[in-house]
Amino acid sequence: MVLSISTSSLQSLNDLLGRVSYRSTVYSIKSGDLVHFNFGQYKAIFPVVIRQPTVPVLYDFGEDVNSQVTVTTKTFLRYPEVNRLVKSIRKFYKDIKIIIADDSLNPQKVNGDNIEQYFMPPAQGWFAGRNLVVSQVTTKYFLWVDDDYEFSEKTKIEKFVEIMESMPELDVVAGSVGWLKNSFKLVYHEGDEEGGCLTRVRGNYQRIPGIPNCFFTTGVINFFLARTDAARRVGFDPLLKRVGHSEFFMDGLGELLVAICPDVGLNHQRRRANPQYRKFRRPPRNDTDNKLYLHFFKNRLKCMKW
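A quick note: this is a predicted structure, and the numbers were derived from the prediction, not measured.

What counts, and where the lines are drawn
- Residues numbered from 1 in each chain as written.
- Predicted model: local features only at pLDDT ≥ 70, side-chain atom pairs only at ≥ 80, totals over all residues.
- Heavy atoms only, no water.
- Salt bridge = Lys/Arg side-chain N within 4 Å of Asp/Glu carboxyl O.
- Buried < 20%, exposed > 50% of the residue type's maximum accessible area, 1.4 Å probe, protein only.
- Helix = DSSP H or I, 4+ residues; strand = E, 2+ residues; numbered from the N terminus.
- Lys, Arg positive; Asp, Glu negative; His and termini not counted.
- Contact = heavy atoms within 4.5 Å.

**Student:** Can you walk me through the pattern of salt bridges in this structure?
**Tutor:** Opposite charge on two side chains lets them pair, provided their charged atoms get close. Tallying each qualifying case throughout the model produces 13 salt bridges. One salt bridge connects Arg19 with Asp15, and the closest N-O pair in it is separated by 3.1 Å. The class for Arg19 is exposed, based on a relative accessible area of 61%. Given the relative accessible area of 40%, Asp15 is considered partly exposed. For Asp103, the salt bridge is made with Lys74, and the minimal N-O distance between the two is 2.7 Å. Here the residue Asp103 occupies a position in the loop between β4 (98-102) and β5 (115-119), and Lys74 occupies one in strand β3 (residues 69-75), the gap between them amounting to 29 residues. No difference in accessibility class separates Asp103 from Lys74, as the two residues are buried.

What follows is the structure, given as structure tokens:
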């Protein structure tokens, strides 16, 4: 039950510690232990995590961005917008796969090569559609875009891939939409038995070393490249049907390492008059209340400050 190591040589101690491995006598995929370290009159105790080794998940990286990235979006009652988005994608990336989740009331086919359009029951919602498209991605990365965005000369997906490949611990990297370079920090205080508090404030953390004009942050705008396996681990809560900009990053807090690099960007299409869409886009007060009830229960919060 106890392993003791004693030596007067620091070199020998480091060598021995580097060879210590655990093999549990009782099966558990994640457990812990305490290490007691004594040096002269000083004593330190620190925890260690003992985990079942995981099987790596590898992707065929191919030779170009078409085999590395899938463009994903969710559309609802906005066919002129999504068709314009597809046209702009094809202007710069004629072969990249596009996956569309569609829960429109009267579905229409979005035509084009290498497009997968999945029709859902009507008005299933924003996050249910996101889960659907991400579940169908077979590439290492997916690029998330809203259906009313438009690619431009600044939409350099290869730059996003280059950043992610240079920093394997990074899970999400975002860009700018028009003049917007929105990002925010989520600050969570665990609180007491009544729950914790979550505060969202604008801004970033420190610059990313070696990557110009890129910053660590917590949450970003809806234009980002994500590691497919990392996003699937967090997922998109299908109970969130209409408006959701922070929720994915709330669920990913402490799980996803996020960055923003605003030099990569795209445009926001001019808004069209669409009364039917606007009725769903601006839900009634009870929908907003239900979303808050969900956060306070699921995330065990007693306060949220935006």
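Once you've had a look at it, read on.
**Student:** Explanation requested: the side chain of Arg130 in the structure shown.
**Tutor:** Mapping Arg130 onto the fold places it in helix α3 (residues 126-135). Asp146 provides the closest opposite charge to the buried, unpaired Arg130, separated from it by 5.5 Å. Ignoring anything within four residues of it in the chain, the contact list for Arg130 reads Trp144, Asn222, Phe224, Phe236 and Gly244.

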